[in-house]
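Residue strings, one per chain:
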Amino acid sequence: MPFPTTNQSQGAQPPAKHYGITSPISLALPKEADLALTQKLTEALKPFGVFEEELELQRRILVLGKLNSLVKEWIREISESKNLPSSLIDTVGGKIFTFGSYRLGVHTKGADIDALCVAPRHVERTDFFSSFYEKLKEQEEVKDLRAVEEAFVPVIKLCFDGIEIDILFARLALQTIPENLDLRDDSLLKNLDIRCIRSLNGCRVTDEILHLVPNIENFRLTLRAIKLWAKRHNIYSNILGFLGGVSWAMLVARTCQLYPNAVAATLVHKFFLVFSKWEWPNPVLLKQPEDCNLNLPVWDPRVTPSDRYHLMPIITPAYPQQNSTYNVSASTRAVMVDEFKQGLAITDEIMQNKAEWSKLFEAPNFFQKYKHYIVLLASAPTEKQHLEWVGLVESKIRILVGNLEKNEFIMLAHVNAHSFPGPKEGNDKEEFSTMWVIGIVFKKMEGSENLNVDLTVDIQSFTDTVYRQAISSKMFEQEMKITAKHVKRRQLQQLLPSNVIQSRPSRRKLSTEGPRLINDSSLDLSVDSDNSLSVPSPPTVPAAANKISSVAVSAGLFGPSPSPPPMGPPAAKKPSSPPPAEDKERRPSAEETPSPQVAAVARTPSSSSPPPSPAPPLKRPGSPSPAPPVKRPGSPLAEEPSKKLKVEEEARPELEEEMASQGDEAVETDVKELDPEQQVPSNQRVPTTDLSDVPLPPANPIPVLKNSIKLRLSR
């Protein structure tokens, strides 16, 4: 069983073969200055905990050895129970393979291990989730054992001697499992069910990446640096529409192919050079795609029209080839490209000895970068329900981002990759809550003195999707809530910990997105996961509604949250493709794609020209061609009387995106409740973004609490 080492090689020999789909950009060998900068890079990474101690590494190897022995023992027992010949039982085999960050050799302190149990053909998946599960339960070292058999990629999760491990299962069409089995062999996929193919995908992609880079040690050190940079800059999250671990690994691997003799310091610089100038949506490929004639769906825009809508395709090198960045939206791509450009500027200074590596890993302050924010709060009455609810809501946030992007008056919607505990209010009722923050940049419309923007439909269609999914999966409980509010920059200090907010914004402007401030936050970025931070146990939040004050918030910024709205009929079911390597437990299903028919409700009292149309939405394979967005005259509920809060200030237009103390909009926040017997007529119902294959919810759905967000922007 191969295990990674942590020795970092500085030099590099000329490659013996050609790597990648194009010839290298440069074959230059490293100079003394490059080696010195690489040593400085290693020293700069150490304080962030990206390297594991040798003792800890040996402990991981020992744990995996024990787990491998358990697998072999279990398969022998299954073979005996099924009356296999004794001669075959002695050679039946079985093996634990690793993938992900541990297999790549870039795992951090305390990171989990992604593992795959490979068994011969007479061992069933039901055996894995029954007898092997029971065998693990008998081990003294095993804690927190749980099986997720119904997941998109079924998995057993456990903590073995203090090390968290996720174990997938694959049953091969082989009589025995040899010790030297190479999972990259495409013929192994023949006669396998789709769940086994999905489980094998992680190992196959990881092994292909390691075989497609010229120098593994240079690749590893470069990837450690890029992953840390991405986490520090809040762009490491596959589920929220940024890039996950396997996508960052493939970008670094492509850089290594283009500069095969370069050491890590040079490769980090070239990484930013290459991808700040990359002409997206041209795909990033590590090798020419191959067709194995197994009739599995692969990423191919020539054949699948929906693949042409992917905005930042990074294609996995193992068959069946998939786009690992199907979650990327126009906003998240714009944020990442801007970060690539900033990284290039900083590494230019470092290569000229005008700056230190620590500057690259300084964390910008997201909460000083924008003037307008949408704050999303998910709450549940118990901790267990809260963990399930937060996982579902987080997996759908990119739908809200997509809805906001399609609003013709919004230029950018940037979701922070970190979640935070919800605000604590004085109430005896215990409630667990988690909060996400989305930065908003509005377009500057010419010839318009005042601009009224209604985000009600954008928010409502998002909550429709979340509640529908929760009800269909039988996870929903009455007290599970979602609340969305618009807040200004200066109001964030009443919601967020003081250590993540600074009062004075920096003057350094980035693109059109406002100022950014460097802040060494205390967030631990050594945790190696797609979300980079686990959700902390939040303080309690009362259910009572409270008004927002323009100067101070006496009891928090959140009012009543909606219960599930009535659902429309689901759309047709769509086929799915095998997931990229980083998706093990939760794969976004077809209902997560925003409907192209939903458009934001907005009015321009004095506009001389029609507004620009929104960008086409990101599509998933198999989805229908997008129809033009449908403008709605207004929400059928928006005309009802409600309590309104208005905050009006005057500001100079030139500084409205830069100064936290200035503002120019009126905010109207309406909360309206519908009687369950007085439902909105079907021809007036707010459309949802759900393309769901789930059944209809039960009749007489729960009463609706409708959140309305309206902004009046004065130019």
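Residues numbered from 1 in each chain as written. Predicted model: local features only at pLDDT ≥ 70, side-chain atom pairs only at ≥ 80, totals over all residues. Heavy atoms only, no water.

## Looking at the overall build of the protein
- Helix and strand content of the protein: twelve helices and 16 strands.
- Buried residues in the protein amount to 59% of all 715 residues.
- Put simply, the protein shows about 28600 Å² of open surface, and 50% of that area lies on carbon and sulfur atoms. (Helix = DSSP H or I, 4+ residues; strand = E, 2+ residues; numbered from the N terminus. Buried < 20%, exposed > 50% of the residue type's maximum accessible area, 1.4 Å probe, protein only. Areas by Shrake-Rupley, 256 points an atom, 1.4 Å probe, with all protein chains shown as cover.)

## Section: the nonpolar core
- Of all hydrophobic cores here, the largest spans 117 residues; its most connected members are F219, W248 and W389.
- Residues in contact with W389, not counting those within four places in the same chain, are A378, S379, A380, V466, Y467, A470, M475, M480, K481 and I482.
- Ranked by size, the runner-up nonpolar core spans 31 residues in total, among them I113, A115, L136 and I156. (Core = buried A, V, L, I, M, F, W, Y, C linked by side-chain atoms within 4.5 Å. Contact = heavy atoms within 4.5 Å.)

## Brief notes about the packing of helix α11 (residues 383–406) against helix α12 (residues 456–472)
- At a minimum axis separation of 9 Å, α11 and α12 run at an interaxial angle of 150 degrees. Viewed along their axes, α11 and α12 adopt a mutual orientation that is roughly antiparallel. Regarding α11 and α12, the two cross each other, and that crossing is right-handed. Two secondary-structure elements touch here, α11 through W389, L392, V393, K396, I397, I399, L400, N403 and L404 and α12 through D458, I459, S461, F462, T465, V466, Y467, Q469 and A470. (Axes fitted to C-alpha atoms, helices over the stretch in contact; angles between N-to-C directions. Parallel < 35°, antiparallel > 145°, perpendicular 65-115°, else oblique. Left-handed = near helix turned anticlockwise from the far one by under 90°.)

## Considering the environment of L67
- With respect to the helices and strands, the residue L67 is situated in helix α2 (residues 54–81).
- Assessed through its relative accessible area of 0%, L67 is described here as buried.
- When residues no more than four places from it in sequence are discounted, the contact partners of L67 are I96, F132, L136, F160, I165 and I167.

## Quick word on unusual backbone geometry
- Along the chain, W280 connects to P281 via a cis peptide bond; the corresponding omega equals 10 degrees.
- Take P281: it is sitting in the loop between α9 (264–276) and α10 (330–351).
- P320 follows Y319 through a cis peptide bond whose omega is -5 degrees.
- The residue P320 is located in the loop between α9 and α10 in this model.
- With a phi close to 55 degrees, D161 is a non-glycine residue in the positive phi region.

## Topic: the sheet that holds strand β1 (residues 95–99)
- Spatial strand order, β1-β2-β5-β4-β3: five strands in an open sheet with mixed pairing. Every other strand in the sheet has two partners, leaving β1 and β3 (142–148) as the edge strands with one partner each. The average undirected angle you get between the axes of adjacent strands in this sheet is 25 degrees.
- As defined by bridge partners, β3 adjoins strand β4 (residues 155–160) across five bridges and the pair is classed as antiparallel. Each residue of the ladder has a partner; that of R146, found in β4, is K157.
- The strands that helix α5 (residues 125–137) touches are β2 (113–119), β3, β4 and β5 (163–171); relative to β3, the one it contacts most, it runs at about 165 degrees.
- Those strands touched by helix α6 (residues 194–211) are β1, β2 and β5, and its axis lies near 120 degrees from that of β5. (Pairing = 2+ DSSP bridges.)

## Quick notes on the pairing of strand β12 (residues 481–488)
- The element β12 is largely enclosed, with a buried count of eight among its eight residues.
- Residues K481, T483, K485 and V487 point to one face of β12 and I482, A484, H486 and K488 to the other, with burial holding for every one of them.
- Sheet topology note: the strand β7 (residues 372–380)/β12 ladder contains eight bridges and is antiparallel. Its bridge partner being in β12, L376 is matched across the sheet by A484.

## Considerations on the confidence of the model for the protein
- Averaged over the protein, the pLDDT score is 75; the fraction of residues at 70 or greater is 67%.
- The weakest mean pLDDT in the protein belongs to strand β13 (residues 517–518) at 32; the strongest belongs to α9 at 98.
- Confidence over residues 1–12 falls short of pLDDT 50; this stretch has 41 contacts with residues more than four positions distant or in other chains.
- For residues 503–706, every residue scores under 50 in pLDDT, and the model assigns this stretch 551 contacts once sequence neighbours within four places are set aside. (pLDDT = per-residue confidence, 0-100.)

## Details of helix α1 (residues 32–45)
- Taking 1.5 Å as the rise per residue, α1 with 14 residues should run 20 Å; its terminal C-alpha atoms sit 20 Å apart, in good agreement.
- Residues of α1 that are buried include every one of D34, L37, T38, L41, T42, A44 and L45, and no others. In a view along the axis of α1, the buried residues occupy a sector of 160 degrees, so they form one face of it. Away from the buried face of α1 by more than 90 degrees, exposed residues E32 and A33 are located.
- Residues of α1 that are buried sit in contact with α7 (216–232), α9 and α10. (Expected span 1.5 Å × (residues − 1). Arc of directions from axis to C-beta.)

## Side note on the pairing of β7
- Summarising burial for β7: nine of the nine residues are buried, a large majority.
- Residues H372, I374, L376, A378 and A380 of β7 are buried on one face, and the alternating residues Y373, V375, L377 and S379, pointing to the opposite face, are buried as well.
- Relative to strand β10 (residues 432–442), β7 runs antiparallel, the two being bridged by nine bridges. Across the sheet, the residue bridging to Y373 is G439, located in β10.

## Some details on the side chain of H418
- Tracing the backbone through its elements, the reader meets H418 in the loop between β8 (410–415) and β9 (420–421).
- Overall, H418 belongs to the buried group, its relative accessible area being 4%.
- A polar contact is formed between the side chain of H418 and the side chain of N234, at a distance of 2.6 Å. (Polar contact = N/O pair within 3.5 Å; in protein donor to acceptor, adjacent residues only side chain to side chain.)

## Points about the pattern of salt bridges
- Scanning the entire structure with this criterion turns up 25 salt bridges.
- With a closest N to O distance of 3.1 Å, E43 and K46 form a salt bridge.
- Of the residues examined, K46 reaches a relative accessible area of 44% and is grouped as partly exposed.
- K135 is the salt-bridge partner of E73, the closest N and O atoms lying 2.7 Å from each other. Of this pair, E73 sits in helix α2 while K135 sits in helix α5; the two residues are 62 residues apart in sequence, bridging distant segments of the chain.
- Three or more residues joined by partner-sharing salt bridges are found here, namely E56, R59 and D161. (Salt bridge = Lys/Arg side-chain N within 4 Å of Asp/Glu carboxyl O.)

## Quick notes on the packing of aromatic side chains
- Applying the stated rule across the entire model yields 26 aromatic pairs.
- Put simply, the rings of W229, W248, F271, F272, F275, W278, W280 and F340 pair up and form one aromatic cluster.
- When the ring centre of Y236 is taken as reference, the NZ or CZ atom of K231 above it lies at 4.9 Å. (Phe/Tyr/Trp six-rings, centres within 6.5 Å; stacked < 30°, edge-to-face > 60°. Lys NZ or Arg CZ within 6 Å of the ring centre and 35° of its normal.)

## Focus on α10
- For α10, spanning 22 residues, the distance from its first C-alpha to its last is 31 Å, which sits close to the expected 32 Å at 1.5 Å a residue.
- Phi turns positive, to about 60 degrees, at N353, one or two residues after α10.

## Describing the environment of I209
- With respect to the helices, strands and loops of the structure, I209 is situated in helix α6.
- I209 gets classed as buried once you look at its relative accessible area, which sits at 0%.
- Distance from I209 to L286, taken between C-alpha atoms, is 7.9 Å for residues 77 residues apart in sequence.
- Those residues within four positions of I209 in sequence are excluded, and the remaining contacts are L104, F219, V246, A249, M250, A253, L286 and P317.

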